[in-house]
Structure formats: structure tokens, C-alpha cells
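Read off the chains here:
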Amino acid sequence: MGRFSALVASTTLVDAVYSFLAPRTLNFTASPSRHVSILSPSFTSQLSPLCRSTRLSQSSKIQTRTSRIHSSNSSADVTLESIADSFKSGRIHRVLVVAGAGVSCSAGIPDFRSPGSGLYDNLHKFNLPYPEAIFDVDFYIQDPKPFVTLAKEIWPGVNSLCRPTLTHCFFKLLEEKGLLKRVYTQNIDGLEAVAGVNPDKLLECHGHFRSASCIACQTRYDANVCKRSMLEKGEAPSCNTCGGLIKPDIVFFGEVMPNRFSQLVHDDVASTDLVIVMGTSLLVAPVANVPDWAPSSCTRLLINREIVGSFRLKKSNDVIFEGDCDEGVRKLCQLAGWEDELDQMFRDCHKSVTYPN
């Protein structure tokens, strides 16, 4: 039975989770993990209102491996070199990327969970009940001030020094070579779009700042007016229709994922030859489950500072590069003979940086 079939056949969502995320545990206790809905594409197509952004609890850490590029001992196993050879020989046609905050770290944007430097470790000034509350829709209704204050720091374009990284340019390089199926990014910094990735090839799973709406009645609101209110006045604007709070269209915990996610994810994962997972803790569902929805025959490459999710099981078609995203991307491009193209794309991208409206 395939992965999709097994997931659909599970009698409960909890069964589905444990089928694929055995190394993990779920927290069904109080906030912030109260909205738990781990959905397969089959479920999301039928029950899209339930396809909400949720946080999975982190299981205990595994022991650090001695090698930075991991593969098991079988000679038939896939390696970083064999992936590069498949690029050169044309055996890989469709690449699906799942990207997290780690792809933007070298742009000066902190990730969420790195001890000491991560965003969640530096929110003490807000006196939050738990770090993720700053992105929790129920908490925002009670007190929008912490997010509004944070928005002054993270709104795309505010910090002119934050520019696309080598990894963002790698996404664009894959697209130009006709290999990119889609980038599923969990980021809200917009740097994939700034790097020139075509909107059709980009799925911003957790939304973006380019539009805004009311959290009560979903009426659209001028994003520029929202931006001025938050950044200049320090206030969350109110809806002209119902008086509810306005926020940018980034997906908070407890909110519904963009419709494009449930519309595209089934066909995308079913047709991909290679899934590249980069810079993510794989702790926020349903995006965290995307690598596990790929066909069992599909090669999966993890480029990450730590081993996460079902990559801990280290299957024969998994390749793990432990390190920074830019470092892993450069190594892969060196092996594939693309390094000069990647560097040129990076230089061209940084000549003129424009944030899409």
C-alpha cells in the first residue's frame, strides 16, 4: 500500500500521524498545540477549512552523526553525488522543495527555534504566555500589540540589508533549468519572490505581507494602509465592515492554510522525482508532512543543521547533508557542474532588489 493509501486508510488522524512520524510525539494539551489537524492531501481536498497551521511537539534529539553527509552502507543507496549525476544525465525532471526559516538565516533573518539566536528565544520583552503566542490568532485577538511591535522588525523590505541568499537563487536556478515543480516555503519574508521565482512555482504556505484582511469577516483590506498603521502608528487597524482586527495575510497558528496548498499538494508530491527539504525543523503541520507524502520510490534530500522528521529513520533513498543551507546548495551545485551559474545568478539578484507588491 502506498503512502497516500495508507494515510487515507487510517481510521483517525492520530493513526495517520503515527504511521509516518513514529519518532515524534504529539502534544494534545493546552496551547499552543490545541489546534491539531494532521491532514493528508485527500483529507485537505475534502476538508480544506480544517487544514490549519499547527505545531507538532519535538521528540527527543538523536545522537549527533559523525559524518556531515549521511547514507547507509548499501551500495544501492542514493548519495549527494548520485543526485548530482542524475541532474547531469537528465534523470531528474521534477524537483519539489520544502523550505523553512533556515534558508534565510544568511540574509540576517533569524530562524525560529535555534537556541539563543532564534526568534522564539528573543521574545522576552513581550511577556508572552508561550513564544508561539505571537503568531497565535486567538492571542492576537486578545492582544495584538506584541505582533504589531514585531512587525516593525520583520515586515519585508523594512530592513534593506535582507536580500535573497544563495539558496533562494538555487530555487530560481532550478526553475530556469526547467526542473522546479514547486517551492513550498514556510517563510513569510518574501525572499523567494524577490529572487525571481515565478509565482506559479511558489507556494507561500504560511502566507505573506503583500495583502491583508479582517480576521473576523475575512474582508480584504489595503495592505499598504495596514503596513502604515502597524509600522508608523503601532496599531492594528480595524475592519471597515465589521470592526474586527486586521492583520497581514500570514497564517497564524489556528488559521486555515491558503487554498492553493490543498489544491496543489496532492499532484505535486505524486509527480516529483526529488524532494529537497531545507532549513526546517519540520514541526509545523501540515507542511511538515509533505516530505512523507511523496512516493516511496522518490529520492529525498535533507539540507539542514540537524536531522529532523522521518529523516531520522534514514531510508535507503534519503540523503542527509548536515550543515547550513547555502553550504549544502553550493556542494550540490559543484557536483552538478552548476556552481558558476549559481554564483552569477546570486550576483545578478543582488544588483537590484525589489520587493513585490
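Everything that follows concerns the structure shown earlier in this document.
Source: prediction; values computed, not measured.

### Regarding the packing of aromatic side chains
Okay, step 1: Throughout the structure, instances matching the rule amount to eight aromatic pairs.
Okay, step 2: For the pair Phe135 and Phe147, a centre-to-centre distance of 6.2 Å together with 65° between the ring planes defines the contact as edge-to-face. Of this pair, Phe135 sits in the loop between strand 3 (95–99) and helix 5 (137–142) while Phe147 sits in helix 6 (residues 145–154), placing them twelve residues apart in sequence.
Okay, step 3: With a centroid separation of 5.7 Å and 90° between ring planes, the pair formed by Tyr140 and Phe252 is classed as edge-to-face. You can see Tyr140 sitting in helix 5 and its partner Phe252 sitting in the loop between strand 8 (246–250) and helix 10 (259–271), a full 112 residues away along the chain. Across this residue pair, the class does not change: Tyr140 and Phe252 are buried.

### Thoughts on the packing of helix 7 (residues 166–176) against helix 13 (residues 339–351)
Okay, step 1: Put simply, helix 7 and helix 13 touch, their axes get as near as 9 Å, and they point 115° apart. By the angle between their axes, helix 7 is roughly perpendicular relative to helix 13. The handedness of the crossing between helix 7 and helix 13 comes out as right-handed. Note on element contacts: helix 13 touches helix 7 through Glu341, Leu342, Asp343, Met345, Phe346 and Cys349, opposite Leu166, Cys169, Phe170, Lys172, Leu173 and Glu176.

### A look at unusual backbone geometry
Okay, step 1: Note that the residue after Ala285, namely Pro286, is joined by a cis bond; omega there is 5°.
Okay, step 2: One can find Pro286 in the loop between strand 10 (284–285) and helix 11 (290–293).
Okay, step 3: Residue Asn127 is not a glycine yet carries a positive backbone phi of 50°.
Okay, step 4: Along the chain, the position of Asn127 falls in the loop between strand 3 and helix 5.

Parameters and conventions
- Residues numbered from 1 in each chain as written.
- Predicted model: local features only at pLDDT ≥ 70, side-chain atom pairs only at ≥ 80, totals over all residues.
- Heavy atoms only, no water.
- Phe/Tyr/Trp six-rings, centres within 6.5 Å; stacked < 30°, edge-to-face > 60°.
- Helix = DSSP H or I, 4+ residues; strand = E, 2+ residues; numbered from the N terminus.
- Buried < 20%, exposed > 50% of the residue type's maximum accessible area, 1.4 Å probe, protein only.
- Axes fitted to C-alpha atoms, helices over the stretch in contact; angles between N-to-C directions.
- Parallel < 35°, antiparallel > 145°, perpendicular 65-115°, else oblique.
- Left-handed = near helix turned anticlockwise from the far one by under 90°.
- Contact = heavy atoms within 4.5 Å.

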